[in-house]
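Survey of secondary and tertiary structure
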Amino acid sequence: MSNSQFMHLSLGMLSPEQTAGFLERIFAGYREHAPSQFAVIGRAENKLIGYCGFFRQTVDAIEEIGIGYRIDPAHWGQGIATEAARAVRDHAFTEPGLERVISLIHPDNVASCRVVEKIGMTIQKQTVFRGFPTIVFTLNAPEWKKLVRDA
């Protein structure tokens, strides 16, 4: 999380201490049995190349569960983010049985906008989140069921 490309269009690179805090929040989610993050492991090298999963977010004073991901820039453009986000999307509507998920994307992050569009999410609105312009993409359970049925 100290790679500037990995952390672009976010709050910036994290120090080792900030990274430890981020990881502790993920582990806390596991301990609480709450939706959390999953490791993304590269098949060829069998090593950690990113993460994808759920974040609890408060957007415009509404508590939401968001799908978020980061992939090592060396692995961009290979469909990995889409594959991971699709798996997490399907998990959202089966295991925890969520009714809705969101994804928060900076408008300049065209690649991430495309990822969430590929998994069936649509734009709900634009807002400001943590000081950044943000597009809020959404998908609800009935829309997901239709996507899966029509696939």
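Residues numbered from 1 in each chain as written. Predicted model: local features only at pLDDT ≥ 70, side-chain atom pairs only at ≥ 80, totals over all residues. Heavy atoms only, no water.

1. A short note on the overall build of the protein
For clarity, the threshold we go by: Under the scheme used here, helices are H or I runs from DSSP no shorter than 4 residues and strands are E runs no shorter than 2 residues, and both carry numbers assigned from the N terminus. Should any heavy atoms of two residues lie within 4.5 Å, those residues are considered in contact. Note that accessible areas follow from Shrake-Rupley with a 1.4 Å probe, and for residues the cover is restricted to the protein chains shown.
The helix and strand tally for the protein stands at four helices and six strands. When its helices and strands are written in sequence order, the protein yields α-β-β-β-α-β-α-β-β-α. Across the protein, the fraction of contacts at a sequence separation of at least 24, relative to all contacts at a separation of at least 6, is 51%. Taken as a whole, the protein presents about 8800 Å² of accessible surface, with 55% of it coming from carbon and sulfur.

2. Structural notes on the nonpolar core
As a reminder of what qualifies: To form a nonpolar core, buried Ala, Val, Leu, Ile, Met, Phe, Trp, Tyr and Cys residues must be joined to one another through side-chain atoms within 4.5 Å. We call a residue buried when its accessible area falls under 20% of the maximum for its residue type, exposed when it is over 50%, and partly exposed in between, using a 1.4 Å probe and counting protein chains only.
Grouped together as the largest cluster of nonpolar side chains are 28 residues, with contacts concentrated most on Tyr69 and Val101. For this core, the secondary-structure elements that each account for two or more residues are strand E2 (48-59), strand E3 (62-71), helix H2 (80-94), strand E4 (100-105), helix H3 (110-118), strand E6 (132-140) and helix H4 (141-150).

3. Points about unusual backbone geometry
We note that Asn46 has phi near 50°; this positive angle belongs to a residue other than glycine. As for its position among the elements, Asn46 is in the loop between strand E1 (37-41) and E2. The class of Asn46 is exposed, set by a relative accessible area of 63%. Its identity as a non-glycine residue notwithstanding, Asp60 has a phi of 50°, on the positive side. Under the relative-accessibility criterion, Asp60 is labelled partly exposed at 39%.

4. Section: H2
Short version of the rule: An expected span of 1.5 Å times one less than the residue number is assigned to each helix.
For H2, built from 15 residues, the straight-helix expectation of 21 Å at 1.5 Å per residue is met to within 8% by its first-to-last C-alpha distance of 21 Å. Turning to H2, its buried residues number three or more, namely Ile80, Ala81, Thr82, Ala84, Ala85, Val88, Arg89, Ala92 and Phe93.

5. As for the pairing of strand E5 (residues 122-129)
We count it as follows: Pairing between two strands is assigned when DSSP locates at least 2 bridges connecting them.
Strand direction decides the pairing type here: E5 and E6, joined by seven bridges, are antiparallel. In the strand pairing of E6, Ile123 is matched with Phe137. Hairpin connection between E5 and E6: a loop of two residues separates the two successive antiparallel strands, and Arg130 in this loop has a positive phi of roughly 50°.

6. Quick word on the pattern of salt bridges
Condition: Any carboxyl oxygen of Asp or Glu that lies within 4 Å of a side-chain nitrogen of Lys or Arg is treated as forming a salt bridge with it.
Counted according to the given criterion, the structure contains seven salt bridges. With a closest N to O distance of 2.7 Å, Asp90 and Arg89 form a salt bridge. On the accessibility criterion, Arg89 (7% relative accessible area) is buried. Close ionic contact of Arg149 with Asp150 constitutes a salt bridge, the shortest N to O distance being 3.6 Å.

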